[in-house]
Amino acid sequence: MVELYGMGSKLARIWAKENIMPLGAFKAALMGAGTSLEYTYTKDHIVGGYGGVGYKMTNQVYTASSNTYAVGTAYAIGTDVGYFDHAQTINGKTGMAYLPGGAVRTDASGSENTDNNQSYGFSADTFANLTAMTVAIASATTGIIDDNIYTAGGATSRTCNNYTNYAYEYGIGSDTWSTMTQMGTSRMRSQGFGMQVKDGSEMFVVGGMTANCHPTYTEVDNVDGFTPSGDTWAAKTAIPVTCAMGMQSGMGDYIYSSGGDLDGSGRADTTYRYSPSGNSWVTRTSSASTQQNGWAYPIISGGSTYLYTQGGDVEGENSDETNSYSEASNTWTSRATMTSAGRWDP
């Protein structure tokens, strides 16, 4: 099975070389009924996080076709000993992942935001340094549209109530950052990785947190959509629950949100699906787990696309779970466990 999925003539060349199924079926599996799932990939990876015994720089690479994890080249920034709260997205057309910003553990007791920006190539298993972010931001939402990376919201320092509505664009081809129109609602820990839909025209920021001073946390149900072509934000229909740290991603024509912290009243196992065209939410089958604060990606496996949720914490304990959701059957399936348990944010 190939790992790179493109469009048009490139798609036909890949099919001709691999001949893994009839060309029509190959296109349908990758492109669905509408336009191309050009950013969907066959692998993802879990970088850094907090593992219960400390902060991590590890790189766990997941391959859907074999349902296995492998230990990839570790992430590195100077002498830092941990990397967490970072944005993360994958360009499935090129097999490259991008990790802008985040926070680093500098030693046994200190941490700070970083403006570091790196890419990761799945085939070469290597990281590369890119142009640093304009501002060091952690806990931001990120997405990829038209081969540009977008970040929105997040925290500008490690102190309390430091959330922002900043938005930035990173041009992959030019290796440059641009400042975009600010988001309508300042917040952090919306935790959406690769939150975009098939037509590639809009990114969504779902839920999040507007107060983060322990023991007081304030979570929101706001949903904001960003259209890069006009550099504009628009308020959308709120998610049915007030939550932060949900595991969210775009898949096909929809945005999905699974789990999350319910504004201090418990953990969710609910799954919601948002339709950008209808600006509406519907409830889907709940996950068997109250996973939150982990990673979520759409991944191609066996000719179909699934939403994968990985790691995080379950009732306060670090998790090594991997679960996948099928829209076609509206069901969740337990997958392989990670090489080590961990969550995105400590």
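Above this text you will find the structure in question.
Each chain carries its own residue numbering, running from 1 in the written order of its sequence. Residue-level local features of this predicted model are given only where pLDDT is at least 70; pairs of side-chain atoms are given and counted only at 80 or more, and the full residue set underlies all totals for whole chains, interfaces and linings. Values shown for side chains rest on all heavy atoms present in the structure; no hydrogens or waters enter the calculation.

Engineer: Before we go on, may I ask you to explain unusual backbone geometry in this structure?
Structural biologist: Most peptide bonds adopt trans geometry, and most residues besides glycine take a negative phi value. Positive phi, close to 50 degrees, is recorded for Asn67, a residue that is not glycine. You can see Asn67 is positioned in the loop between strand 2 (55–63) and strand 3 (68–71). The exposure class of Asn67 is partly exposed, given its relative accessible area of 28%. Although it is not a glycine, Asp231 adopts a positive phi angle of roughly 50 degrees. Secondary structure elements follow DSSP: runs of H or I of four or more residues count as helices, runs of E of two or more count as strands, with numbering from the N terminus. Among the structural elements, Asp231 can be located in the loop between strand 18 (223–227) and strand 19 (232–236). A 1.4 Å probe rolled over the protein chains alone gives each residue an accessible area, and that area as a share of the maximum for its type sets the label: buried under 20%, exposed over 50%, partly exposed in between.

Engineer: What is the right way to read the sheet that holds strand 13 (residues 167–171) from this model?
Structural biologist: Consider a sheet: its strands pair through backbone hydrogen bonds, and that pairing is either parallel or antiparallel. Here we have four strands laid out as an open sheet, ordered 11-12-13-14, and antiparallel in their pairing. Because the sheet does not close on itself, it has two edges, and the strands there are strand 11 (141–145) and strand 14 (176–179). Averaged over all pairs of adjacent strands, the angle between strand axes in this sheet comes to 25 degrees, irrespective of strand direction. Only strands that DSSP links by at least two bridges are regarded as paired with each other. Inspection of the sheet shows strand 11 paired to strand 12 (residues 148–152) by five bridges, in the antiparallel sense. Residue pairing across strands places Thr142 opposite Thr151, the latter belonging to strand 12. Axis definition: a line fit to C-alpha positions, over the contact stretch in the case of helices; interaxial angles, taken between N-to-C directions, run 0 to 180 degrees.

Engineer: I tried to follow the nonpolar core on my own but got confused; where do I start?
Structural biologist: Inside soluble globular proteins, nonpolar side chains tend to come together where they are buried. For the purposes of this section, nonpolar cores are sets of buried Ala, Val, Leu, Ile, Met, Phe, Trp, Tyr and Cys residues that join through side-chain atoms within 4.5 Å. Formed by 26 residues in total, the largest nonpolar core has its most connected members in Tyr75, Tyr83, Tyr120 and Phe122. Listed by contribution, the elements that provide at least two residues to this core are strand 1 (43–50), strand 2, strand 6 (96–100), strand 24 (295–301) and strand 25 (304–310). If near-sequence neighbours (up to four positions away) are discounted, Tyr120 is found in contact with His45, Asn59, Val61, Gly95, Met96, Ala97, Leu99, Asp125, Thr126 and Phe127. Pairs of residues are marked as contacts when any of their non-hydrogen atoms sit within 4.5 Å.

Engineer: So what exactly am I meant to see when it comes to the pattern of salt bridges here?
Structural biologist: A side chain with one charge may pair with a side chain of the opposite charge, provided their charged atoms come close. For salt bridges, the criterion is a side-chain nitrogen of Lys or Arg within 4 Å of an Asp or Glu carboxyl oxygen. Under the criterion given, the structure shown has six salt bridges. Two residues, Arg158 and Asp85, come together in a salt bridge whose shortest N-O distance is 3.3 Å. Here Arg158 is found in the loop between strand 12 and strand 13, whereas its partner Asp85 is found in the loop between strand 4 (82–84) and strand 5 (89–91), with 73 residues between them in sequence. By relative accessible area, Arg158 is classed as partly exposed at 34%. Asp85 sits in the buried class, given a relative accessible area of 1%. Residue Asp224 pairs with Arg187 through a salt bridge whose shortest N-O separation is 2.8 Å. In this pair, Asp224 sits in strand 18 while Arg187 sits in the loop between strand 14 and strand 15 (203–206), placing the two residues 37 residues apart along the sequence. According to the relative accessible area criterion, Asp224 is buried, its value standing at 5%. A relative accessible area of 1% means that Arg187 is categorised as buried. Among the ionic contacts, a cluster of salt bridges with common partners joins Arg273, Arg284 and Glu327.

Engineer: Would you mind going over the sheet that holds strand 3 with me for this structure?
Structural biologist: The strand order across the open sheet built from three strands is 1-2-3, with neighbouring strands paired in antiparallel fashion. Both edges of this open sheet fall to strand 1 and strand 3, since each of them pairs with a single strand only. Adjacent strand axes in the sheet meet at a mean angle of 30 degrees, parallel and antiparallel pairs treated alike. Note that strand 1 and strand 2 share seven bridges and pair antiparallel. Of the residues in strand 2, the one forming a bridge with Val47 is Asn59.

Engineer: Could you clarify how one ought to interpret the environment of Ser324 in this entry?
Structural biologist: Along the chain, Ser324 falls in strand 28 (residues 322–326). In this structure, the C-alpha to C-alpha distance between Ser324 and Ser334, residues ten residues apart in sequence, is 6.5 Å. Residues in contact with Ser324, not counting those within four places in the same chain, are Tyr306, Leu307, Tyr308, Thr331, Trp332, Thr333 and Arg335. N or O atoms within 3.5 Å of each other form a polar contact, as long as, within protein, one can give a hydrogen and the other can take it, and as long as residues adjacent in sequence are counted only when both atoms are side-chain atoms. Within the local environment of Ser324, its side chain forms a polar contact with the side chain of Arg335, the two groups lying 2.8 Å apart.

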